[in-house]
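# Report on the structure
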Amino acid sequence: MSGRHLKDSIALVTGGSRGVGKGVAIALAECGATVIVTARTRSSGSGAEWPGSLDETVAAIDDAGGRGVGLLCDHSDDGSVRDVFDLRYDGTMDASTCS
């Protein structure tokens, strides 16, 4: 994917700190989207069992030409998920993907 055909679009990617979710977030950024990424790990070296973090993904999104927004969220906690959707980034969301 390349080009700017998602400029002015807002996408939500859950589980975006590593793996498929991170790859999807970066691909959306390459197309110009603002990408809201959720994950449980804010930064590297925070004692996480797995590599990858929100901060790393947001930096990769920004480097790819999009705008990254990282939100901590444990998707096994309904209240945490509700908080993400209550934020309503600019009142719109054009796409979402769950990883």
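Presented here is a report on the structure given in the accompanying data block. A quick note: this is a predicted structure, and the numbers were derived from the prediction, not measured.

Across soluble globular proteins, you tend to see nonpolar side chains buried next to one another. Membership of the largest hydrophobic core is limited to 11 residues, which are Ala11, Val13, Ala25, Leu28, Ala29, Ala33, Val35, Val37, Ala39, Leu54 and Ile61. Mapped by element, the contributors of at least two residues to this core are strand 1 (10-14), helix 1 (19-30), strand 2 (34-39) and helix 2 (54-63). Not counting chain neighbours up to four residues away, the residues in contact with Val35 comprise Ala11, Val13, Ala25, Leu28, Ala29, Ile61, Arg67, Gly68 and Val69. Judged by nonpolar contacts, the second largest core, of 7 residues, contains Ile10, Ile36, Leu71 and Cys73.

In this section: the environment of Asp94. Tracing the chain through its elements places Asp94 in the loop between helix 3 (78-87) and strand 4 (95-98). With 83 residues separating them along the chain, Asp94 and Ala11 place their C-alpha atoms 5.7 Å apart.

You can see Gly66 is positioned in the loop between helix 2 and strand 3 (67-72). Judged by relative accessible area, which is 16%, Gly66 ranks as buried. Put simply, Gly66 and Ile26 are 40 residues apart on the chain and 8.1 Å apart in space, counted from C-alpha to C-alpha. Those residues in contact with Gly66, other than ones at most four positions away along the chain, are Ala29, Ala33 and Ile61.

Cut-off values and rules
Residues numbered from 1 in each chain as written. Predicted model: local features only at pLDDT ≥ 70, side-chain atom pairs only at ≥ 80, totals over all residues. Heavy atoms only, no water. Core = buried A, V, L, I, M, F, W, Y, C linked by side-chain atoms within 4.5 Å. Buried < 20%, exposed > 50% of the residue type's maximum accessible area, 1.4 Å probe, protein only. Helix = DSSP H or I, 4+ residues; strand = E, 2+ residues; numbered from the N terminus. Contact = heavy atoms within 4.5 Å.

In short, shape yes, function no, at least from these values alone.
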